Amino acid sequence: MTTSRKKILFVLHTPPPVHGAAMVGKTIQDSVAINEAFECRFINLSTSSTVESVGRFSLKKVGTVFSLRKRILKAIAEFHPDLVYYTPSATGFAFWKDCIITRSIKRTGTPLVYHFHNKGVSTKQHSWAYDRAYRRFFSGVKVILLAEALYDDMKRYVSREQLYICANGIIDVSRPNTKAAEHDVPQVLFLSNLIAEKGVLVLLDACQRLKEQGVKFRCHIVGSETEEIDGTRIRQEIENRVLDGFVEYLGKRYGEEKEAEYAATDLFVFPTFYAKECFPIVLLEAMQHGLPCISTREGGIADIVEDGVTGLLAKRRDADNLAEKMASLINGETLRKKLGAEGRKKYEKLYTLQSFEQSMIEILREN
């Protein structure tokens, strides 16, 4: 006697554009384990074509919202899912879009689970309009967060009984260490879309301090250009700080080229103060490659980077403090290797693709 699999309609983000939520969405869509555990259908929730336009209002998006709602309701009517998995936004136009769509989903009587890859509820909850909307939005649903530290952001509306924690996980694509063959001074890597709030300009200021102090290093900046910071501007920022020969912008890197950058690096630095930052996949990628990480206490990062254990945590927007943390690892090879090794162990224990898939399957089976 065969048992029918639970039907799940996944409404999630997939690339393009490339950002954390989209990459996790692609992981779920491609997961053999999840597709074997459930009968799955997928709908791409994205209404944006660039990172900068994510969450922003445009007249074009308004039509897309109602078209998307129609597609979702049609899929529910035809597929008859036991559960709808949905990746919402916490604020802005994207949140109001999600309010419209999820309200329609609730009217079908289909159970709904939210998987958040952003934050900001606590920054809007004092608004009458947002407060009223949040109370309806979170009513009668379950919520998956990436880290325990993120619960404070929405605890006004989400009870413990509604809550699940599921850390991101990534496939192990680490490669043999090539550091010794690549360079003779410590190599620093920043990898992210070029958004000021991701800390790239703070990093350049810190690199300027290190150069002035006589610290020997080289830094590679890798990431997609944005409207805010394109290739011309980032190169000008490097030149303005007289960092030629110390810092180089390499453009975007994917696949094997990206992994080669990690493999040739000694230290990963991600000084983000991005308002929606939750659980950056780039930190998991760096730890997978045995790299010590320097980051901040934004979102759930302190759950990933244990200060003094797998890396160091710097103050947000503080180039002097960041330079101090960087100098301690650039000049401290023994500590650098120790933290990197502990980061690799933590990745193997908590952040593998298999760990993520198993946690997600267990959560979805409960709902």
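Whatever comes next refers back to the structure up there.
Residues numbered from 1 in each chain as written. Predicted model: local features only at pLDDT ≥ 70, side-chain atom pairs only at ≥ 80, totals over all residues. Heavy atoms only, no water.

### What about the overall build of the protein?
A count of helices and strands for the protein gives 15 helices and 12 strands. For 367 residues, the compact-globule estimate of 2.2 N^0.38 gives 21 Å, and the C-alpha radius of gyration of the protein, at 21 Å, lies within 12% of that figure. With respect to the principal axes defined by its C-alpha atoms, the protein has extents near 65 × 50 × 35 Å. A total of 367 residues make up the protein; the buried ones form 56% of that total. Long-range pairs, those at least 24 residues apart, make up 75% of the contacts in the protein between residues at least 6 apart in sequence. Carbon and sulfur atoms make up 49% of the accessible area of the protein, which totals about 16600 Å². Separation of charge centres in the protein, based on 52 positive and 46 negative side chains, amounts to 7 Å. (Helix = DSSP H or I, 4+ residues; strand = E, 2+ residues; numbered from the N terminus. Rg over C-alpha atoms; globule rule 2.2 N^0.38 Å. Buried < 20%, exposed > 50% of the residue type's maximum accessible area, 1.4 Å probe, protein only. Contact = heavy atoms within 4.5 Å. Areas by Shrake-Rupley, 256 points an atom, 1.4 Å probe, with all protein chains shown as cover. Lys, Arg positive; Asp, Glu negative; His and termini not counted. Charge placed at Lys NZ, Arg CZ, Asp CG, Glu CD.)

### Digging into the sheet that holds strand β3 (residues 83-86)
Hydrogen bonds between backbone atoms are what pair the strands of a sheet, whose relative direction is either parallel or antiparallel. On the basis of which strands lie adjacent, the open sheet formed by six strands has the order β2-β1-β3-β4-β5-β6 and parallel pairing. At either margin of the open sheet sits one strand with a lone partner, and together these are β2 (39-44) and β6 (163-165). Between one strand and the next, the sheet's axes are offset by a mean angle of 20°, whatever the strand orientation. Sheet topology note: the strand β5 (residues 142-145)/β6 ladder contains three bridges and is parallel. Within the sheet, the bridge partner assigned to valine 143 lies in β6 and is leucine 163. Across the sheet, helix α1 (residues 20-30) touches β1 (7-12), β2 and β3, and the angle it forms with β1 is around 155°. (Pairing = 2+ DSSP bridges. Axes fitted to C-alpha atoms, helices over the stretch in contact; angles between N-to-C directions.)

### Some details on helix α6 (residues 128-137)
For α6, the set of buried residues is Tyr130, Asp131, Ala133, Tyr134 and Phe137. On the buried face of α6, the contacting elements are α4 (92-107), β4 (112-115) and α5 (121-124).

### Section: the packing of aromatic side chains
To describe a pair of aromatic rings, one takes the distance between the centres and the angle between the planes. Summed over all chains, the structure comprises 21 aromatic pairs. A ring pair is formed by phenylalanine 95 and tyrosine 134, whose centres lie 4.9 Å apart and whose planes are at 55°; its orientation type is tilted. Taken together, the positions of phenylalanine 95 in helix α4 and tyrosine 134 in helix α6 put the pair 39 residues apart, joining distant regions of the chain. Aromatic ring contacts, followed pair by pair, group Tyr86, Phe95, Trp96, Tyr114, Phe116, Tyr130, Tyr134, Phe137, Phe138 and Tyr157 into a single cluster. (Phe/Tyr/Trp six-rings, centres within 6.5 Å; stacked < 30°, edge-to-face > 60°.)

### Observations concerning the pairing of β5
Where β4 and β5 come together, three bridges link them in parallel fashion. The residue bridging histidine 115 from the neighbouring strand is isoleucine 144, located in β5.

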